[in-house]
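# Observations on chain architecture
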Amino acid sequence: MSEEGPVVCILSGGLDSVCTAAYMAKEKKYPIYMITFMYGQRAATREVRQAKRFAKLLCALEHQIIDVRFMKQLYGKTNSLTSTTLSLTKDFDYSIVVPVRNAIFITIAAAWAMSIQAKMVAYGAHSDDANYPDCRPDFIKSMANLINLAEEDGIRLGLREKISIWSPVLVGIDKTDLLKIGYRILGDQIFASWSCYSGGVAGKRGSILHCGACESCINRKTAINRAGIKDKTHYANNCE
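Every residue gets a number counted from 1 within its own chain, in the order that chain's sequence is written. Reporting of local features is limited, given that this is a predicted model, to residues whose pLDDT is at least 70; pairs of side-chain atoms are given and counted only at 80 or more, and all residues count toward the totals for whole chains, interfaces and linings. Side-chain descriptors were evaluated using all non-hydrogen atoms of the structure, hydrogens and water having been removed beforehand.

## Some details on unusual backbone geometry
One non-glycine residue with positive phi stands out, namely Cys59, at about 60°. Among the structural elements, Cys59 can be located in the loop between helix H2 (44–57) and strand S3 (62–67). Although it is not a glycine, Gln117 adopts a positive phi angle of roughly 65°. Counting through the fold element by element, Gln117 comes out in the loop between helix H4 (101–115) and strand S4 (120–122). Here a strand is any run of E in DSSP of at least two residues, a helix any run of H or I of at least four, and the numbering for each starts at the N terminus.

## Describing the nonpolar core
Ranked by size, the top nonpolar core spans 42 residues in total, and within it Val8, Ile10, Ile106, Val121, Tyr123, Ile147 and Ile165 carry the most contacts. Elements supplying a minimum of two residues to this core: strand S1 (7–10), strand S2 (32–38), helix H3 (70–75), H4 and helix H5 (137–150). The dominant element in this core, judged by the number of residues it contributes, is H4, at eight residues. Every residue pair with non-hydrogen atoms within 4.5 Å of one another is taken to be in contact. When near neighbours in sequence (up to four residues on either side) are disregarded, Tyr123 contacts Ile10, Thr20, Asn102, Ile106, Asp134, Cys135, Phe139, Ile140, Ile165, Trp166, Ser167 and Pro168. One finds Ala51, Ala122, Leu178 and Ala227 within the second-largest nonpolar core, a separate group that totals 34 residues. The term nonpolar core refers to a set of buried residues drawn from Ala, Val, Leu, Ile, Met, Phe, Trp, Tyr and Cys, joined through side-chain atoms within 4.5 Å. Relative accessible area decides the class of each residue, using a 1.4 Å probe on protein chains only: under 20% of the type maximum gives buried, over 50% gives exposed, and in between gives partly exposed.

## Notes on the packing of aromatic side chains
Any two of the Phe, Tyr and Trp rings considered here, Trp counted by its six-membered ring, make a pair once their centres fall within 6.5 Å; the pair's planes then place it as stacked at under 30 degrees, edge-to-face at over 60, or tilted in between. Within this structure, the stated rule accounts for seven aromatic pairs. Consider the rings of Phe92 and Tyr94, whose centres lie 6.4 Å apart with planes at 90°: the pair is edge-to-face. By relative accessible area, Phe92 is classed as partly exposed at 31%. A network of ring pairs unites the aromatic residues Phe37, Tyr39 and Phe105 as a single cluster. For a Lys NZ or an Arg CZ to count as sitting over a ring, it must be within 6 Å of the ring centre and within 35 degrees of the ring normal. Between the NZ or CZ atom of Lys221 and the centre of the ring of Tyr235, over which it lies, the distance is 4.7 Å.

## A short note on H2
Residue count minus one, scaled by 1.5 Å, sets the expected span of a helix. For H2, spanning 14 residues, the distance from its first C-alpha to its last is 20 Å, which sits close to the expected 20 Å at 1.5 Å a residue. Every buried residue of H2 is accounted for by Ala44, Arg46, Glu47, Val48, Gln50, Ala51, Phe54 and Ala55. Here the buried face of H2 lies against helix H1 (15–27), S2, S3, helix H7 (175–186) and strand S7 (208–209).

## Details of the sheet that holds strand S5 (residues 164–166)
By definition, two strands form a pair when at least two bridges between them are found by DSSP. The strand order across the open sheet built from five strands is S3-S2-S1-S4-S5, with neighbouring strands paired in parallel fashion. Looking at which strands have only one partner, the edges of the open sheet turn out to be S3 and S5. Taken over all neighbouring pairs, the strand axes of this sheet differ in orientation by 25° on average, direction set aside. Pairing geometry for S2 and S3, over six bridges, is parallel. By the bridge assignment for S3, Tyr33 is matched with Glu62. Only the stretch in contact is used when fitting a helix axis, every axis being a line fitted to C-alpha atoms; angles between N-to-C directions are given from 0 to 180 degrees. Helix-sheet contacts for H4 involve S1, S2, S3, S4 and S5, and the interaxial angle to S2 is about 145°.

## Concerning the side chain of Gln50
Mapped onto the elements, Gln50 comes out in helix H2. Note on Gln50: relative accessible area 9%, which makes it buried. Gln50 has contacts with Gly13, Ala192 and Trp194, leaving out every residue within four places of it along the chain.

Any functional reading would require information beyond the geometric quantities listed.
What follows is the structure in structure tokens.
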């Protein structure tokens, strides 16, 4: 991990990205810029709202919200995170793998990082994300090489900073350990993060609840339980 310089954190508003950003901002004490993407996902409204909340809470120097909703058109009916014609599964299924999503996000984040002389892009991939090709160490290392090759002349001339890419998976951190890090820094505020693949389920008095049944909600419940933390997330399937 780089020892100095600003960091661009990819912040979805979900548990993993929030905990990663908190670690960078509060424990590593890096100057933090944050970037959030709307790619046509069902949960965009909730994710962006919570991303804004945590960007403010973690004192981001700037928070960019990038509209790439054309991606939904490209994916058509092949991906359940962007197409409401497909069901959201409770177990892992390849329909929830958004094609090359992290490659796109990291590339855009790196373009911004180089423009503001940041030295690192960080995102929340952890060791429990093994089902996702764009969350693996080999992918991360390859992306770093590719991005720096794309700007090798600027780097050589001193006009650009060489970029590193960091995520918890590179040091063997799993979702539960990442959650513990985030909880130590943010306490119960982590429960304001949004993990649900759906846009939420209407609850009482106008509240919006996690569905509690999709693969992401289940992974959230499991990690919180393993961490020994009382889960204060409101799930629809708990009738809260």
